[in-house]
Amino acid sequence: MRWLRCSWSSLKLLIIFCTPLALLPLPLEVECAYILTLIALYWMTEVLPLSVTVHLPALLFPLFGIMKSLQVASVYFKDFHLLLLGVICLAKSIEKWSLHRRIALRLVTGLGVNPGMLMLGFMVGCAFLSKWLSNTSTVAMVMPIVEVVIQQVLNASEETIQIASEPEEPETVKVSKTCTI
């Protein structure tokens, strides 16, 4: 099985470097077809990660003079995409610094573990964030907080069940035997 993995790795390198060279005899008028064929082969064989393959047109179209970089960038970077990317980065940083745990703790201590009150708290928070962000971005930011709240509520209910199910031990009375002669 190891040799199969090694052979696939070497085959990947062969595809990455030899495919562009094999497609070079195409006439210069079909540069777009050259790039699309190259990207299609990379996409189907997944020799490069798909996130890298998808950005190859942004690099190769201006390089070959098919489209100007401004035109390609306008297709790749719409305002909504950048907003969503920024909010996802913000949500990830909130997770990294455990701010979502602190927010969840404040939410649970302030509103209690009543499901109706928790839902009201999340609705008000989402409505507040939705004033400035899109709904998708709001969900991306609130999701880590919801996950922590659910974990805390489930942990608290498990502890309550364990405490309630433990049988009480009867008190033991030590009786000492003394002998008198």
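Scoring rules and cut-offs
- Each chain carries its own residue numbering, running from 1 in the direction its sequence is written.
- Only residues with pLDDT of at least 70 get local features here, since the model is predicted, and only at 80 or more are side-chain atom pairs given and counted; chain-wide, interface and lining totals rely on the full set of residues.
- Only hydrogens and water are removed before side-chain values are computed, so all heavy atoms of the structure are retained for them.
- Note on conventions: DSSP H or I runs of at least 4 residues are helices, E runs of at least 2 residues are strands, and numbering of each starts at the N terminus.
- In this scheme, a residue with accessible area under 20% of its type's maximum is buried, one over 50% is exposed, and one in between is partly exposed, where area comes from a 1.4 Å probe on protein chains only.
- Contacts: residue pairs with any heavy atoms within 4.5 Å of one another.
- Put simply, a nonpolar core is a bunch of buried Ala, Val, Leu, Ile, Met, Phe, Trp, Tyr and Cys residues held in one set by side-chain atoms that sit within 4.5 Å of each other.
- Pairing of aromatic side chains here covers Phe, Tyr and the six-membered ring of Trp, requires ring centres within 6.5 Å, and sorts the geometry by plane angle: under 30 degrees stacked, over 60 edge-to-face, intermediate tilted.
- Method remark: on a 1 Å grid restricted to protein atoms, a set of points is classed as a cavity if a 1.4 Å probe fits but cannot get out and as a pocket if it is open with protein on both sides within 12 Å along at least five of seven lines; lining residues have an atom within 4 Å of a point.
- Grid points are joined across faces, edges and corners, and a volume is the space filled by probe spheres set on the points.
- Following the grouping adopted for this structure description, the nonpolar residues are Ala, Val, Leu, Ile, Met, Phe, Trp, Tyr, Cys and Pro, the charged ones are Asp, Glu, Lys and Arg, and the polar ones are all others, Gly among them.
- UniProt positions are given in the numbering used here, feature names are shortened, and annotations may be inferred rather than shown by experiment.
- Axis definition: a line fitted to C-alpha atoms, over the contacting stretch in the case of helices. Angles run 0 to 180 degrees between N-to-C directions.
- In these notes the angle categories are as follows: under 35 degrees is roughly parallel, over 145 is roughly antiparallel, 65 to 115 is roughly perpendicular, and the rest is oblique.
- Here a crossing is called left-handed whenever its near helix is offset anticlockwise from the far helix by less than a right angle, and right-handed whenever the offset is clockwise.

**Looking at the overall build of the chain**
And then number 1: Along its length, the chain carries nine helices and zero strands.
And then number 2: Beginning at the N terminus, the succession of helices and strands in the chain can be written as α-α-α-α-α-α-α-α-α.
And then number 3: Looking at the chain as a whole, 20% of its 181 residues qualify as buried.
And then number 4: Intrachain contacts of the chain at a sequence separation of at least 6 include 52% that bridge at least 24 residues.

**Comments concerning the nonpolar core**
And then number 1: Formed by Ile 15, Ile 16, Tyr 34, Ile 35, Leu 38, Ile 39, Tyr 42, Val 47, Leu 56, Leu 60, Phe 61 and Val 72, the largest nonpolar core amounts to 12 residues.
And then number 2: Put simply, the parts of the chain that give this core at least two residues each are helix H1 (2-23), helix H2 (31-45) and helix H4 (56-64).
And then number 3: Counting residues per element, this core draws most heavily on H2, which supplies five residues.
And then number 4: Counting residues in each nonpolar core, the second largest holds nine residues, with Leu 118, Val 142, Ile 145 and Val 149 among its members.

**A closer look at the packing of aromatic side chains**
And then number 1: For the coordinates displayed, the defined rule picks out one aromatic pair.
And then number 2: Judged by centre distance (5.9 Å) and plane angle (55 degrees), the ring pair of Tyr 34 and Phe 64 falls under tilted. Taken together, the positions of Tyr 34 in helix H2 and Phe 64 in helix H4 put the pair 30 residues apart, joining distant regions of the chain.
And then number 3: Classification of Tyr 34 by relative accessible area gives buried; the value is 11%.

**Observations regarding the layout of surface pockets**
And then number 1: By volume, the largest pocket amounts to about 180 Å³.
And then number 2: If you trace the largest pocket, you find it lined by Ile 94, Ile 103, Leu 107, Gly 121, Phe 122, Gly 125, Cys 126, Leu 129, Met 141, Val 142 and Ile 145.
And then number 3: Of all the elements in the fold, those that place two or more residues in the lining of the largest pocket are helix H7 (99-111), helix H8 (115-130) and helix H9 (135-165).
And then number 4: The element contributing the most residues to the lining of the largest pocket is H8, with five residues.
And then number 5: Its residues assigned to classes, the lining of the largest pocket shows nine nonpolar, two polar and no charged.

**As for the environment of Met 117**
And then number 1: Looking at where Met 117 falls in the secondary structure, it is placed in helix H8.
And then number 2: Sequence separation of Met 117 and Leu 107 is 10 residues, and the distance between their C-alpha atoms is 9.6 Å.

**What to know about unusual backbone geometry**
And then number 1: If you check the backbone angles, Glu 46 has positive phi at about 55 degrees while not being a glycine.
And then number 2: Secondary-structure assignment places Glu 46 in the loop between H2 and helix H3 (50-53).
And then number 3: According to the relative accessible area criterion, Glu 46 is partly exposed, its value standing at 47%.
And then number 4: Residues other than glycine seldom take positive phi values, yet Ser 98 does so here, at roughly 60 degrees.
And then number 5: Relative to the helices and strands, Ser 98 is located in the loop between helix H6 (79-96) and H7.

**Notes on the UniProt feature "transmembrane region" (unreviewed entry) in the chain**
And then number 1: The UniProt feature table records "transmembrane region" (unreviewed entry) at residues 76-94 and 114-133.
And then number 2: Counted over residues 76-94, helix gives 89% and strand 0%. Its end C-alpha atoms are 26 Å apart.

**Things to note about the packing of H7 against H8**
And then number 1: It is the contact of H7 with H8, at a shortest axis distance of 10 Å, that shows an interaxial angle of 130 degrees. Put simply, H7 runs oblique to H8. Relative to H8, H7 is oriented so that their crossing is right-handed. Along its contact with H7, which presents Leu 107, Val 108 and Leu 111, the element H8 presents Met 117, Leu 118, Gly 121 and Phe 122.

**Overview of the side chain of Thr 53**
And then number 1: Its place among the elements puts Thr 53 in helix H3.
And then number 2: When near neighbours in sequence (up to four residues on either side) are disregarded, Thr 53 contacts Ile 39, Tyr 42, Trp 43 and Leu 48.

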